[in-house]
Structure formats: structure tokens, C-alpha cells
Amino acid sequence: MNYSPLPILETEHLILRPITMDDAAAIFAYAQDPKVSRFLSWEPSTSIEQVKETIERWLTHYEENRQAPWGIVDKDSNKVIGTIDVRNHDVDHHTAEIGYCLSQGYWGRGLMVEAIKCVLDYLFAETDIFEISAFVRTDNPQSQRVCEKSGMHKDPGGTKQEYIKGAAVDLERWVIRKKSSD
Ligand SMILES: CC(C)(COP(=O)(O)OP(=O)(O)OC[C@H]1O[C@@H](n2cnc3c(N)ncnc32)[C@H](O)[C@@H]1OP(=O)(O)O)[C@@H](O)C(=O)NCCC(=O)NCCS
């Protein structure tokens, strides 16, 4: 997986591209919403400076070819409305995980499924990754449904617990493998 440069991808409604410092205000607009980070490891952002620090880190990661997200850009407004990233790329076993979040104002339109399918297509076509997982909390049915609509299936043996924001939570692994025809 190459983060340097992270390729620009396009779907019907979205552009997936590296984040820049100019995206700080757009990201702060949704990252301060407690509903967006409710199931995630991070707390809502309390200032745009905090978001700028995160972007600074991502910019360094792009430069150093380390894990950093695509910004999900809404073609209509040309604003970043979320992120999607590839994490825990195991180069020996050709596996990786994805993580994602979207601004609440854009929920329910099928946009994350569009973004996920685009990233899966890219990873299977352009990298040697053959298995991609998403770990989803059992109390996040919206995200479970997104995985299902993206063509992933639940791995019956893939449950785990993680300590998130001071509590142990149950996660289920959703998985998809490269088809031999891909
Ligand atoms: C989860 C998230 C990515 C969904 O993205 P989205 O683009 O709104 O997804 P969709 O438009 O496909 O809608 C979600 C689906 O879940 C369904 N859904 C919503 N709430 C639900 C609930 N409480 N129970 C069951 N299904 C639910 C919707 O009906 C829809 O399915 P449908 O198209 O069959 O009707 C988005 O809500 C988000 O970013 N949430 C915050 C961050 C997060 O949870 N990230 C995932 C971490 S694993």
C-alpha cells in the first residue's frame, strides 16, 4: 500500500484524495459532532487547532509513506465530508483493515458504501492485498449494514473485545477477499 502519494480515486458522487491543511474547517465541522465519533476511538474535536495538529500528523505520514487517510470529498460542495483509511497492512500475509467516518449531514445516502467499494476495488486491483477486514462494534448496526452493502461478510470466528473510551466493547470482523477474477 502506497501512501506517498496516496492515489486520487473517483466515484459517482465523491473524490477520494489526500487531506490538505485547507480542509481543516470542513473536518472540524463534523469532527466536533459527538454522534460522528460515538463509536470511534477519538473524542469530538474541541478546536480547529486540534484538527490542524491531526492534519499535520497526516501530512508527515503521507511524506513518510505511513498510514494516513483519504479525505472523502463531496463533488457538489467540493468539501471534505469524511475519511476512509487502510490500516494494519500486514505485508507478509497480504491483509489489511479499513476504517471510515462521515459527516452526519451526509448519512443515509449510500455514500460510505460508494467510498468503501471504490477503495476495495483499488486495493484488489493495484496492491497485493487479498483480504480486507473492518472491525465493527456490535452496537453500531448502521456500520454493520454498510459492510454488508459493500459486499463484506461477517466472520463468525472474528469477534474481539477492545477497550474504547474507558469501556470494553465487542467488535465483529467483516471481511472480503479478492476474487480470483479480480
Ligand atoms: C456508519 C456510517 C459510515 C454509515 O454511512 P452512510 O453513508 O450513512 O451509510 P448508508 O447511507 O449506507 O446507510 C446506512 C445503512 O444502515 C441502515 N441503518 C441506519 N441505522 C440503523 C440501525 N439503527 N439499525 C440497522 N440499520 C440501520 C440504513 O437504513 C442504511 O441501510 P439501507 O441502505 O439498507 O437502508 C456513518 O453513519 C458514519 O460515519 N458513522 C460514524 C462513524 C462510524 O460509525 N464509523 C464506522 C466505524 S466501524
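This text goes with the structure placed above it.
We now turn to the structure provided with this report.

About the cut-offs
Residues numbered from 1 in each chain as written. Predicted model: local features only at pLDDT ≥ 70, side-chain atom pairs only at ≥ 80, totals over all residues. Heavy atoms only, no water. Near = heavy atom within 4 Å. Polar contact = N/O pair within 3.5 Å; in protein donor to acceptor, adjacent residues only side chain to side chain. Areas by Shrake-Rupley, 256 points an atom, 1.4 Å probe, with all protein chains shown as cover. Helix = DSSP H or I, 4+ residues; strand = E, 2+ residues; numbered from the N terminus. Nonpolar A, V, L, I, M, F, W, Y, C, P; charged D, E, K, R; others polar. Axes fitted to C-alpha atoms, helices over the stretch in contact; angles between N-to-C directions. Left-handed = near helix turned anticlockwise from the far one by under 90°. Contact = heavy atoms within 4.5 Å. Buried < 20%, exposed > 50% of the residue type's maximum accessible area, 1.4 Å probe, protein only. Pairing = 2+ DSSP bridges. Right-handed = clockwise from strand over helix to strand, strands pointing away.

**Quick notes on the site of the ligand**
(1) Moving on: Within the structure, the ligand sits among 20 residues, and L102, G108, G110, R145 and K149 are positioned closest to it.
(2) Moving on: In this structure, W107 approaches the ligand through a side-chain N or O atom, which is 3.4 Å from an oxygen atom.
(3) Moving on: Within the backbone of G110, an N or O atom sits 2.7 Å from an oxygen atom of the ligand.
(4) Moving on: Relative to its unbound accessible area of 960 Å², the ligand is 72% covered by the protein chains.
(5) Moving on: Counting residues per element, the ones that place at least two in the shell around the ligand are β5 (95-102), α4 (111-126) and α5 (141-149).
(6) Moving on: Across the shell around the ligand, the residue classes tally to 12 nonpolar, five polar and three charged.

**A look at the packing of helix α1 (residues 24-31) against helix α3 (residues 48-63)**
(1) Moving on: Following both chains from N to C, one finds α1 and α3 inclined at 115°, their axes separated by 9 Å at the closest point. For the pair α1 and α3, the sense of crossing is right-handed. Residues A24, A25, I27 and F28 of α1 form the contact with α3, whose own contacting residues are I48, V51, K52, I55 and W58.

**Remarks on the side chain of E131**
(1) Moving on: Of note, E131 is situated in strand β6 (residues 131-137).
(2) Moving on: Residue class for E131 comes out buried when judged on its relative accessible area of 11%.
(3) Moving on: Only 2.7 Å separates the side chain of E131 from the side chain of R177, close enough to count as a polar contact.
(4) Moving on: Setting aside anything within four residues of it in sequence, one finds E131 in contact with H94, T95, A96, F124, R173, V175, I176 and R177.

**Describing the environment of D23**
(1) Moving on: Following the sequence through the fold, D23 ends up in the loop between β2 (14-18) and α1.
(2) Moving on: Residue class for D23 comes out buried when judged on its relative accessible area of 7%.
(3) Moving on: C-alpha separation for the pair D23 and V73, spaced 50 residues apart in sequence, amounts to 9.9 Å.
(4) Moving on: The residues touching D23, leaving out its near neighbours within four places in the chain, are R17, P18, I55 and V80.
(5) Moving on: At 2.9 Å, the side chain of D23 forms a polar contact with the side chain of R17.
(6) Moving on: A polar atom in the side chain of D23 sits 2.8 Å from the backbone nitrogen of T20.

**A few points about the pairing of β5**
(1) Moving on: With eight of its eight residues buried, β5 lies for the most part within the structure.
(2) Moving on: Every second residue of β5 is oriented toward a common face, with T95, E97, G99 and C101 on one face and A96, I98, Y100 and L102 on the other, all of them buried.
(3) Moving on: The hairpin formed by strand β4 (residues 79-90) and β5 contains four residues between the paired strands, and H94 there has a positive phi angle of roughly 60°.
(4) Moving on: Pairing analysis gives three bridges linking β5 to β6, with the strands arranged parallel. Among the inter-strand pairings, T95 is bridged to a residue of β6, identified as E131.
(5) Moving on: With respect to chirality, the unit in which β5 leads through α4 into the neighbouring parallel β6 is right-handed.

**Re unusual backbone geometry**
(1) Moving on: The linkage connecting S4 with the following residue, P5, adopts the cis geometry, with an omega of 5°.
(2) Moving on: As for its placement among the helices and strands, P5 is situated in the segment before β1 (9-10).
(3) Moving on: You will see that N78, though not glycine, has its phi angle at about 60°, which is positive.
(4) Moving on: The topology assignment puts N78 in the loop between β3 (70-74) and β4.
(5) Moving on: The class for N78 is exposed, based on a relative accessible area of 59%.
(6) Moving on: One non-glycine residue, K165, lies in the positive phi region at around 50°.
(7) Moving on: Topologically, K165 is positioned in the loop between β8 (160-164) and β9 (167-177).
(8) Moving on: With relative accessibility at 37%, the residue K165 sits in the partly exposed group.

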